Amino acid sequence: MDGASFLPALVLLMAALAGLMIAGRARLWKAGRPARVGWAAGLLGLPRRYLVDVHHVVGRDPYAARMHALVAGGLVAGSALAALALLPPLGASRLYWGLVALSFAVMLAGSVAVGARRMPGRPRRLSGGSFQILPFLLLGYGLGAFLAALSRALLLPALSWPGLILAVAGGLGLAWQTGKGPMRHAITGAAHLVAHPRPGRFEGARETALAPLDLGAARLGVETPADLPWNRLLSFDACIQCGRCEAACPAFAAGQPLNPKRLIQDLAAAMTPGGNPAYAGSAYPNARSVSGASGLHEPLLRGLLHPDTLWSCTTCRACVEECPMMIEHVDSIVDLRRFQTLEAGAVPHKGEAVLAQMRGADEPGGRALAERTHFAAGLPLPRIAERGEADLLLWLGTSAYDLRVGRSLRALLRLLIAAGVDYAVLGEEERDCGDLARRLGDEATFQRLARANIETLGRYRFERIATADPHALHVLRNEYPAFGGAFEVVHHTALIEELAAGGRLALGTLPAGQSVTYHDPCYLGRYNGEFDAPRRLLDRLGMTRVEMARSGPRALCCGGGGGAAVTDIAGERRIPDLRMEQARETGAAVVAVACPQCTAMLEGVVGERPDVLDIAELALRALEAAPAPRRAVPA
């Protein structure tokens, strides 16, 4: 007998210990609400979900991707092969043991990479604590198993027992770490991918709509961990604490009391009494005081989470986009907000007043619905009720009341007129789309507005809806279908680009020396995948386009989404100031925007800065710059 002979037993012992450690967590998940899971599709799709979808995200950091592939691939392959050595023909083969040694050599290389990433200096976003022990455990198991297997392959008995001792120490340490330590994600991550709450994400769908709330339920929203679906509880345990969400979060960068990594860790820790003293990552900036009480049936807020943490979120989905384990942070935040709003009536600052206006006047500012069209004075703005149909229904959105946004909408109207588009609006029949109410947790008001708008839209014939408001676009396109309203909705930048590309809108060019940088609205980009049309349109205008340090799917939020503009949680800096700083760094003369909220937030930045112009305004300038015979612009 030599050390290699005991490797199969060690692997089985590790598996048993890991299973025992995870079983305790599984009992906690079972306490959550039922959730519908496609088990067959999840299990069959696991290899692709793990090797393709997850690694597509991990691969944004090439070093982390190579490191993970080596260490995880070597660990799984080496352990599986070592266990198969229980079969006598394999266990007696020196060639086979050579293959086992090679697999553990791969793991060893990955283990060194894990250690080099954290030592001597650890990146701020990575958690410390037991995560700092992980490289040593990986090295112990990988090196020990490599030596033991090599001793059998090359007949070098001196390596056998020292190798096994190392492998036992490292291997059992890794298995123990599946309880509260960093190895928990290795098992729960795979289970989370199988039972993912949004399986469509693995099928190419951009699943970003919030799930409707059952307004007849005994409890509205989430108060305790047990109120969450069981597979959401599981997802919290899948967190690897890599901190990518933390680095992407605009609220964290602004010093508001939100750190999405800490949030997920607190949600995981909240399942058991005593919290999570092992957490060793970045805290909430300017953390508010909480009691520290936790447990499956203990209130989450004021226990481990402070309400300001919830209301700091702009729902921009940057954390979700960056998470390699594809955890859905925003869904949990909105569920917690729903309880705060509908059960506790605790919306901070101007939030409650805005919701009250929306409940009473169908509009967050309490203004008359007929006043929404005042911005268009002097321009034709036909009501669809007058003729019952139009090619294009223009959804104006709540920002139409704003004088600044009114200028952008006037530019859009003039472009539509020049292109000969048959358009109409709902006029006083257009209620608020309900986006703000839903993000603030007032699901009842959202559902009422959604059903009323769907009924109104159903009375008329139109081919599609166009809007300059990405928040309205998202709600109309993705969240109304759950209530029976399925509409083709297009953003105004895509529409203008389509008209220009089709020759219906003869745009000239703007001064070539003028540079422009484009700010991606979260609800147009990350929520709806529209990154290209606005850029194609800007390129068509002839300006020199430059990108900010964060753009496209990784763009920084303007700070106005998710009701953040009305809940107004204090931080160290303002998010729009951070975004404008990135715009300044490009040297661009103009920040092109495509969302009324982005316009308001970025134009609110004081000091020397680039001009902020909606793309429709730039396109109108290009139309006016076109040679006289090519344009026909109404006054």
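All values derive from a computational prediction rather than experimental measurement. (Residues numbered from 1 in each chain as written. Predicted model: local features only at pLDDT ≥ 70, side-chain atom pairs only at ≥ 80, totals over all residues. Heavy atoms only, no water.)

### Here we look at the pattern of salt bridges
Under the definition given, this model contains 45 salt bridges. Linking Arg60 and Glu321 is a salt bridge whose minimum nitrogen-to-oxygen distance equals 3.4 Å. Of this pair, Arg60 sits in the loop between α2 (39-58) and α3 (62-84) while Glu321 sits in helix α14 (residues 318-322), and the two are 261 residues apart along the sequence. Looking at Arg60, the relative accessible area reads 27%, which means it is partly exposed. Residues Arg438 and Glu443 are paired through a salt bridge, measuring 2.9 Å at the closest nitrogen-oxygen approach. Put simply, Arg232, Asp335, Arg338, Asp435, Arg438, Arg439, Glu443 and Glu479 are held in one network by salt bridges that share partners. (Salt bridge = Lys/Arg side-chain N within 4 Å of Asp/Glu carboxyl O. Helix = DSSP H or I, 4+ residues; strand = E, 2+ residues; numbered from the N terminus. Buried < 20%, exposed > 50% of the residue type's maximum accessible area, 1.4 Å probe, protein only.)

### A look at the nonpolar core
Ranked by internal contacts, the top residues of the largest apolar core, which has 49 residues, are Leu416 and Leu618. The set of elements that each furnish at least two residues to this core consists of β1 (389-395), α17 (403-418), α21 (492-501), β5 (515-518), α22 (532-540), β7 (590-593) and α26 (615-625). Apart from residues no more than four positions distant in its own chain, Leu618 is found in contact with Leu510, Leu538, Leu541, Met543, Val590, Ala592 and Leu613. Counting residues in hydrophobic clusters, the runner-up holds 43 residues, among them Phe252, Leu301, Leu310 and Cys323. (Core = buried A, V, L, I, M, F, W, Y, C linked by side-chain atoms within 4.5 Å. Contact = heavy atoms within 4.5 Å.)

### Some thoughts on the pairing of strand β3 (residues 461-467)
Within β3, five of the seven residues are buried, leaving the element largely enclosed by the surrounding structure. The sheet contact formed by β1 and β3 spans six bridges and is parallel. From the neighbouring strand, Leu392 faces β3, where its bridge partner is Arg464. (Pairing = 2+ DSSP bridges.)

### Notes on the environment of Pro123
Inspection of the secondary structure puts Pro123 in the loop between α5 (94-118) and α6 (130-154). Residue Pro123 is classed as partly exposed on the basis of its relative accessible area, which comes to 35%. Along the primary structure Pro123 and Cys242 are separated by 119 residues, whereas in three dimensions their C-alpha atoms are 9.8 Å apart.

### Thoughts on the sheet that holds β5
Adjacent strands of a sheet form backbone hydrogen bonds with each other and so pair up, either parallel or antiparallel. What the four strands build is an open sheet, ordered β6-β5-β7-β8; its pairing is parallel. Two strands lie at the open edges of the sheet, namely β6 (544-546) and β8 (611-614), each paired on one side alone. Going from strand to strand, the sheet's axes swing by 35° on average, the running direction of each strand aside. As judged from the three bridges shared by β5 and β7, these two strands associate in the parallel manner. In the sheet register, Val516 faces β7, and the bridge partner there is Val590. (Axes fitted to C-alpha atoms, helices over the stretch in contact; angles between N-to-C directions.)

### Notes on the packing of aromatic side chains
Two measures describe an aromatic ring pair: the distance that separates the ring centres and the angle between the ring planes. Applying the stated rule across the entire model yields eight aromatic pairs. For the ring pair Trp39 and Trp230, a centre distance of 5.8 Å and an interplane angle of 15° mean the geometry is stacked. In this pair, Trp39 is assigned in helix α2 and Trp230 in helix α9 (residues 230-237), connecting sequence segments 191 residues apart. For Trp39, a relative accessible area of 44% gives the class partly exposed. Judged by centre distance (5.4 Å) and plane angle (85°), the rings of Phe104 and Tyr141 are edge-to-face. (Phe/Tyr/Trp six-rings, centres within 6.5 Å; stacked < 30°, edge-to-face > 60°.)

### Thoughts on the UniProt feature "transmembrane region" (unreviewed entry) in the protein
Here, the residues flagged by UniProt with the feature "transmembrane region" (unreviewed entry) are residues 6-24, 69-89, 95-116, 128-148 and 154-176. In residues 95-116, helix accounts for 100% and strand for 0%; the two terminal C-alpha atoms are 32 Å from one another. (UniProt positions renumbered as here; feature names shortened; annotations may be inferred.)

### A look at helix α1 (residues 7-29)
Working note: α-helix, 3.6 residues per turn, so residues spaced by three or four point in the same direction. Its 23 residues give α1 an end-to-end C-alpha distance of 33 Å, which sits within 8% of 33 Å, the value for a rise of 1.5 Å per residue. Ala23 marks the point of greatest bend in α1, at about 25°. Looking only at α1, the buried set comprises Leu7, Pro8, Leu10, Val11, Met14, Leu17, Ala18, Ile22, Arg25, Leu28 and Trp29. (Expected span 1.5 Å × (residues − 1). Bend = angle between axes of the 7 residues up to and from the residue.)

### Side note on a nonpolar patch on the surface
Taken together, the side chains of Met1, Phe6 and Trp161 make up a nonpolar region of the molecular surface, amounting to roughly 370 Å² of accessible area. Inspection of the secondary structure assignment puts Phe6 in the segment before α1. (Patch = residues over 30% accessible without salt bridge, like charges linked within 9 Å, V, L, I, M, F, W, Y side chains within 5 Å. Areas by Shrake-Rupley, 256 points an atom, 1.4 Å probe, with all protein chains shown as cover.)

### Looking at the side chain of Arg372
The topology assignment puts Arg372 in the loop between α16 (351-361) and β1. Residue Arg372 is classed as buried on the basis of its relative accessible area, which comes to 1%. Reaching out from Arg372, the side chain makes a polar contact with the backbone oxygen of Gly397 at a distance of 3.0 Å. The contact partners of Arg372, leaving out residues within four places of it in the chain, are Glu363, Leu396, Gly397, Thr398, Ala400, Tyr401, Glu430, Arg431 and Asp432. (Polar contact = N/O pair within 3.5 Å; in protein donor to acceptor, adjacent residues only side chain to side chain.)

### Topic: the sheet that holds strand β4 (residues 489-491)
If you walk across this open sheet you meet the four strands as β2-β1-β3-β4, and the pairing is parallel. Looking along the sheet, the strands with just one partner apiece sit at the ends: β2 (423-424) and β4. Bridge analysis of β1 against β2 gives two bridges, and the strand direction is parallel. When the sheet's bridge partners are listed, Leu393 is paired in β2 with Ala424. Contacting β1 and β2, α17 runs over the sheet at an angle of about 160° to β1. The strands touched by helix α20 (residues 470-479) are β1, β3 and β4; relative to β4, the strand with the most contacts, the crossing angle is about 160°.

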